[in-house]
Amino acid sequence: MPEGTLCNKKPVETAEGITTLLADQSGKTYYEEMKSLEVDSDLLWKTIQNTCKTRIRTWLEICAHCGMCADSCFLYLANDRDPKQVPAFKIQSTLGEIIKRKGKVDNKFMLHAMEVAWAQCTCCNRCGTYCPHGIDTGIMFGYLRGLLYQQGFVPWEMKIGAGMHRVYNAQMDITSEDYIDTFEWMVEEYEDDYPGLTVPVDVEDADIMYTVNAREAKHYPEDLAEAAILYHIAGEKWTVPSKGWELTSLAMFAGDWAACKMQVDSVYDAMERLRPKRMIGTECGHAHRATVVEGPYWAGRKSGRPPVESIHYIEWLAEALRTGKLKIDPAKRIKEPVTLQDSCNYVRNHGLRETAREIISYIVEPGYFIDMAPNKEHNFCCGGGGGFNGIGYFRKQRNIGLKVKRDQILATGAKLVISPCHNCWDAIRDLEEVYEIGIKWSFLKPLIIKMLIIPEHLRPEEE
Amino acid sequence: MYSLLTGPVFYLSLGVCIIGMIVRFYQYFNGLSWQLDRVAYKEYPAMGFKGAVRSIYKWLIPYGTYGWRAQPVMAAAFFGFHVGAVLLPLFLIGHNVFLKEKLGFSLFFNLSTPVADYLSWIALISLFFLILRRLVLPEVRILTDRKDWGILLISMAPFITGMLARYQVGDYSFWLTAHILTGEIVLLAIPFTKLSHVFLFFASRAQLGMDFGIKRGGLKGSKMAW
């Protein structure tokens, strides 16, 4: 059976296709079919010839096999220094081998490559900063994922996720109507506490266009309300687009580059349609990376930038606290040991190393913040990045991967981990579930709301 | 044999090395693609240049980066070997005299004999550690293939033959000839093997430096803390 009915080389492009895939519980049939999926070696080699240029080829060639990347990889450390987890080995034995064999690899090889690409690398890019030659294995794994996706060797959830973006322009089956309804409903829920609270939809020329992670609409709608409350109190002129509201990209995790382009195009269209001064995305790491950092390139924007200035939520929050748009009641500051999870996607990979710390200086009582070691650009991945959290097939491997973050958190003695990134937040929740170390975890929005000083004119009238 | 090696073979190997690396440099930068690499190289030349220079410069300083500091012994062996491997071929007095005779010019300055001796011994001892590391550490052993040993052998040979000639162990002229031959093998191997890193190190580091300098934080005003 060269192509399965569920597992094949075709992307999912219809709602029915998604439903059919979802009906296959945990991808049981999907992975069964994958075992006999044929490799199109000609296509593989042709794609490599067209897209694998000197940067990656030179990386693979000049790698001195010195092993200095080993200790930089949290998965190497979490797996008791298994030499098979050395980043250089992982990439040389997969992508390197495919190129060496000019694409002539078999099904078994590709199954193995899939495991390495999604369960042994989260594309956190930490190794790239520890290689004397500047070889960024994370980038190469991103590239390898694209090759594997094209051949149909992609984890079930990733295939579905990429399909969701193709069908719904969102990582979940949420239509524009669902999204706006949810947002409006949540705002209504909080209207009594915050008189005048609204969600301005499709307002042109606003100062801020706000974009979210679809799971907020699906699973954590309070997050939408919290965003509205904070903009409301800060007095911002903001809006949400009814189309192009999704910041995330499971397509990026899947290596479905065409879907990546479709997704960011939808957001950029909204920017061009509504002409906001700035776009602000929610507290998510990969979403920021996808839409703000990588997205312009998928969309073919030579400037490397989105159509309007686009910033991360923590940048807005830091600015709002700095300028006094949001004021914190000092009595309500956090007074328990607290630490911060730096998201690889916007700290190491977009330079926002001080921003969250500035916010912390406003919301944590001095003396209670303990940084992890290492931190900032050198922080370890939460353990669940790059799609790892979402792949049931590799759950065991993911849980092992969480050990490094667990130990980092334990070493701080913190009881609360601030995590302004959906993936990190999930990973830390899961590590508490698996290892029970007695910690809480939180996004910034709910913490800030609890300690805000609400201006008199925005308070509900006393009865 | 001696006149052959110091004549046509010398010109040939030097020519192959230099032209080969010019070609490889050209190919490297010509093969960079803003859209495939997802780095807007041409849009921000100044930021890119700064990032590239920083990325190279930081890694050239012993213990100048997190990476070097994380592995102090490796860093010592690495620099111990590479300082000698760069300075000795270029500035050894014998090499400069030879260059002057063959090409009509010599390079900037000469290393004094004691300095050259120190560098040579340090390089050899460092090489010993690098080999030991390759044999002993599981994370390095798993990566090591025959080519790596070949490269080590090719790079070691001029050092060993040079030292034997320097201390006149046995037949001086034999070791000198062997030294010239092994040195020329290195020159010939540079463009075609991993030894290309002699030049491509700068290309690869520059690329990642541009990536960070432009895309991954550079435009945000934060420099990568290498």
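Residues numbered from 1 in each chain as written. Chains lettered and ligands numbered in written order. Predicted model: local features only at pLDDT ≥ 70, side-chain atom pairs only at ≥ 80, totals over all residues. Heavy atoms only, no water.

Student: Quick one: what's the story with the overall build of chain B, residue by residue and with numbers?
Tutor: The helix and strand inventory of chain B stands at 12 helices and 0 strands. When its helices and strands are written in sequence order, chain B yields α-α-α-α-α-α-α-α-α-α-α-α. Its C-alpha atoms give chain B principal-axis dimensions of roughly 60 × 40 × 35 Å. Going through the 226 residues of chain B one by one, you find that 46% of them count as buried. Within chain B, contacts between residues at least 6 apart in sequence are counted, and of these 66% link residues at least 24 apart. Accessible surface computed for chain B: about 11,700 Å², of which carbon and sulfur atoms make up 73%. (Helix = DSSP H or I, 4+ residues; strand = E, 2+ residues; numbered from the N terminus. Buried < 20%, exposed > 50% of the residue type's maximum accessible area, 1.4 Å probe, protein only. Contact = heavy atoms within 4.5 Å. Areas by Shrake-Rupley, 256 points an atom, 1.4 Å probe, with all protein chains shown as cover.)

Student: Describe the pattern of salt bridges, with residues and values.
Tutor: Evaluated as defined, the whole model comprises 42 salt bridges over all chains. In this structure, the salt-bridge partner of A:Asp71 is A:Arg81, at a minimum N-O distance of 2.6 Å. Of this pair, A:Asp71 sits in the loop between α4 (54–62) and α5 (74–78) while A:Arg81 sits in the loop between α5 and α6 (87–100), and the two are 10 residues apart along the sequence. We note a salt bridge from A:Glu456 to A:Arg459, for which the minimum N-O separation is 3.9 Å. Judged by relative accessible area, A:Glu456 falls into the exposed class, the value being 64%. Residue classification places A:Arg459 among the partly exposed positions, given a relative accessible area of 41%. The structure contains a network of salt bridges with shared partners spanning A:Arg55, A:Asp136, B:Asp37, B:Asp211 and B:Arg216. (Salt bridge = Lys/Arg side-chain N within 4 Å of Asp/Glu carboxyl O.)

Student: Got a sec to walk through the interface of chain B and chain A? Specific residues and values, please.
Tutor: Every contact between the two is made by 52 residues of chain B and, on the other side, 55 residues of chain A. Between chain B and chain A, the buried area comes to about 4,600 Å², and carbon and sulfur atoms account for 58% of it. Area buried by chain B at its contact with chain A is led by B:Arg38, B:Leu143 and B:Arg216, which between them contribute 15% of it. Taken together, the links from chain B to chain A amount to 7 salt bridges. The partner of A:Glu294 in a salt bridge is B:Lys215, and the shortest N-O contact between them spans 2.6 Å. Across the chain B-chain A interface, the total number found is 27 residue pairs in polar contact (both at pLDDT 80 or more). Contributing elements (two or more residues each) for the side of chain B that touches chain A: α2 (8–30), α3 (34–37), α5 (66–70), α8 (113–136), α9 (138–141) and α12 (197–215) of chain B. When residues in the side of chain B that touches chain A are grouped by element, the largest group, 10 residues, is from α12(B). (Buried area = accessible area lost by both parts, 1.4 Å probe. Polar contact = N/O pair within 3.5 Å; in protein donor to acceptor, adjacent residues only side chain to side chain.)

Student: An account of the packing of α4(A) against α6(A) is needed here, citing residue identities and associated values.
Tutor: Residues and elements named next belong to chain A. One can describe the packing of α4 onto α6 by two numbers: an axis separation of 11 Å at closest approach and a directional angle of 120°. Judged on the interaxial angle alone, α6 and α4 are oblique. Considering how the two elements wind past one another, α4 and α6 form a crossing that is left-handed. For the pair α4 and α6, the contacting residues are Ile56, Arg57 and Leu60 in the first and Ile91, Gln92, Leu95, Gly96 and Ile99 in the second. Split into classes, the residues belonging to the contact of α4 with α6 amount to 5 nonpolar, 2 polar and 1 charged. (Axes fitted to C-alpha atoms, helices over the stretch in contact; angles between N-to-C directions. Parallel < 35°, antiparallel > 145°, perpendicular 65-115°, else oblique. Left-handed = near helix turned anticlockwise from the far one by under 90°. Nonpolar A, V, L, I, M, F, W, Y, C, P; charged D, E, K, R; others polar.)

Student: Explain the packing of α2(B) against α12(B) to me, and be specific about the residues and the numbers.
Tutor: Residues and elements named next belong to chain B. Between α2 and α12, the least distance of the axes is 10 Å, while the angle of their chain directions is 15°. Accordingly, the angle class assigned to the pair α2 and α12 is roughly parallel. When the axes of α2 and α12 are compared, the crossing they make is right-handed. Contacts between α2 and α12 involve Cys17, Met21, Arg24, Phe25, Tyr28 and Phe29 from the first element and Phe199, Leu200, Ala203, Ser204, Gln207 and Met210 from the second.

Student: Can you tell me about the pairing of strand β1 (residues 208–211) of chain A, naming the residues and giving the values?
Tutor: Residues and elements named next belong to chain A. Here β1 shows two buried faces, one formed by Ile208 and Tyr210 and the other by Met209 and Thr211. Sheet topology places β1 next to strand β2 (residues 238–239); 2 bridges connect them, and they run parallel. Bridge pairing in β2 places methionine 209 opposite threonine 239. Here β1 runs beside strand β3 (residues 278–281); their pairing, made up of 4 bridges, is parallel. In the sheet register, threonine 211 faces β3, and the bridge partner there is glycine 281. (Pairing = 2+ DSSP bridges.)

Student: An account of the sheet that holds β1(A) is needed here, citing residue identities and associated values.
Tutor: Residues and elements named next belong to chain A. Pairing in this open sheet of 4 strands is parallel, and the strands run β2-β1-β3-β4 from one edge to the other. Both outer strands of the open sheet, β2 and β4 (309–311), are each paired with one neighbouring strand and no more. Across the sheet, helix α12 (residues 221–234) is in contact with β1, β2 and β3; its angle to β1 comes to roughly 165°. Where helix α16 (residues 313–322) meets the sheet, its contacts fall on β1, β3 and β4, and the angle it forms with β3 comes to roughly 110°.

Student: How would you summarise α16(A) if you had to cite specific residues and measurements?
Tutor: Where burial is concerned, most of α16(A) is hidden: 9 out of the 10 residues are buried. Of the positions making up α16(A), those classed as buried are A:Tyr313, A:Ile314, A:Glu315, A:Trp316, A:Leu317, A:Ala318, A:Glu319, A:Ala320 and A:Leu321.

Student: Tell me about the domain arrangement of chain A, and please be specific about residues and values.
Tutor: Residue and element names in this part refer to chain A. Each assigned domain of chain A is listed here: domain 1 (39–154), domain 2 (169–311) and domain 3 (330–450). One C-alpha centre belongs to domain 1, the other to domain 2; they are set 32 Å apart. Residue-level contacts link 8 residues of domain 1 with 6 residues of domain 2. When domain 1 packs against domain 2, the two sides together hide about 510 Å² of surface, and 45% of this comes from carbon and sulfur. Summed over the three residues of domain 1 that lose the most area to domain 2, namely Arg145, Gly146 and Tyr149, the buried surface amounts to 60% of that side. Counting across the domain 1 and domain 2 interface gives 0 salt bridges. Along the contact surface separating domain 1 from domain 2 lie 4 residue pairs in polar contact (both at pLDDT 80 or more). Looking at the side of domain 1 that touches domain 2 element by element, the count peaks at 4 residues for helix α8 (residues 137–150). Considered class by class, the residues forming the side of domain 1 that touches domain 2 number 4 nonpolar, 3 polar and 1 charged. (Domains from an automatic or database assignment.)

Student: Pulling in residues and values, what's your account of unusual backbone geometry?
Tutor: All names here are of chain A. Following alanine 373, the chain continues to proline 374 via a peptide bond in cis, the omega torsion being -10°. Residue position: proline 374 is located in the loop between α18 (355–363) and α19 (395–401). The residue serine 26 is not glycine, and still its phi comes out positive at about 55°. Structurally, the position occupied by serine 26 is in the loop between α1 (15–23) and α2 (28–34).

Student: Before we move on, could you go through the sheet that holds strand β7 (residues 440–442) of chain A and cite the residues and values that matter?
Tutor: Residue and element names in this part refer to chain A. One open sheet accounts for 3 strands, arranged β5-β6-β7; its pairing is parallel. Both outer strands of the open sheet, β5 (338–340) and β7, are each paired with one neighbouring strand and no more. On average, each strand axis in the sheet is tilted by 25° relative to the strand beside it, whichever way the strands run. Where strand β6 (residues 416–418) meets β7, 3 bridges bridge the pair, whose relative direction is parallel. Within β7, the position partnered with isoleucine 418 by the bridge is serine 442. The strands touched by helix α21 (residues 422–435) within the sheet are β6 and β7, with β7 carrying the most contacts at an inclination of about 170°.

Student: Would you mind going over the packing of aromatic side chains in detail, with residue names and values included?
Tutor: All names here are of chain A. According to the stated counting rule, one finds 34 aromatic pairs over all chains in the structure shown. Here tyrosine 31 and tyrosine 393 contribute two aromatic rings whose centre-to-centre distance is 3.7 Å and whose plane-to-plane angle is 10°, an arrangement assigned as stacked. In this pair, tyrosine 31 is assigned in helix α2 and tyrosine 393 in the loop between α18 and α19, connecting sequence segments 362 residues apart. When its relative accessible area of 6% is taken as the criterion, tyrosine 31 is described as buried. Taking relative accessible area as the criterion, tyrosine 393 reaches 42% and is therefore assigned partly exposed. (Phe/Tyr/Trp six-rings, centres within 6.5 Å; stacked < 30°, edge-to-face > 60°.)

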